[in-house]
Amino acid sequence: MRAGLRWLDRSRVRDVPGDVREVFGAGDGNLANYLWDGARVRIVDFEDSGRSDRAFELAEITEHVGSWLRGPLNVQAFLARFDLTAAESARLRECRRLLALVWLVLLVADEAGEHPRNPPGTAGRQAARLAELLG
């Protein structure tokens, strides 16, 4: 957590480079919100939708706890399907770090709660994910 917060203090993740194109994004990377019919993906939850960019939306999907907890998403194969610009690739790395930190905060609070929603040790596994992304 401390390493993530130190990274956040010096990060420029809030600054979206001018050459990163805006998109309308779902804002919720839960894989259950994306329905694949073999040809197209349909998005079904727009509660958190709005102005975004491709890098942030891809980070939302790859770093959502549901993408690795119950049936791991092959992140490398998934991201290889997108032709990202150099600016988007750099932003993706920073957004993944940010969202991994957000999930760590949420999971630590979850484990400290009276009725945790995730298996024991999930916060520790998330801390390891964040450490890997910060490395």
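Our structure is the block above this text.
Go over the overall build of the chain, please, and point to the residues and values.
A count of helices and strands for the chain gives 5 helices and 4 strands. Counting from the amino terminus, helix and strand elements in the chain follow one another as α-β-β-β-β-α-α-α-α. Scaling as 2.2 N^0.38, a compact globule of 135 residues should have a C-alpha radius of gyration of about 14 Å, and the chain matches this with 15 Å. Dimensions of the chain along its principal axes, counting C-alpha atoms only, are 40 × 40 × 25 Å.

Quick one: what's the story with the side chain of Arg-97, residue by residue and with numbers?
With respect to the helices and strands, Arg-97 occurs in helix α4 (residues 86–112). For Arg-97, the side chain forms a polar contact with the side chain of Glu-94, separated by 2.7 Å. When residues no more than four places from it in sequence are discounted, the contact partners of Arg-97 are Trp-7, Leu-130, Leu-133, Leu-134 and Gly-135.

About the thresholds
- Residues numbered from 1 in each chain as written.
- Predicted model: local features only at pLDDT ≥ 70, side-chain atom pairs only at ≥ 80, totals over all residues.
- Heavy atoms only, no water.
- Helix = DSSP H or I, 4+ residues; strand = E, 2+ residues; numbered from the N terminus.
- Rg over C-alpha atoms; globule rule 2.2 N^0.38 Å.
- Polar contact = N/O pair within 3.5 Å; in protein donor to acceptor, adjacent residues only side chain to side chain.
- Contact = heavy atoms within 4.5 Å.

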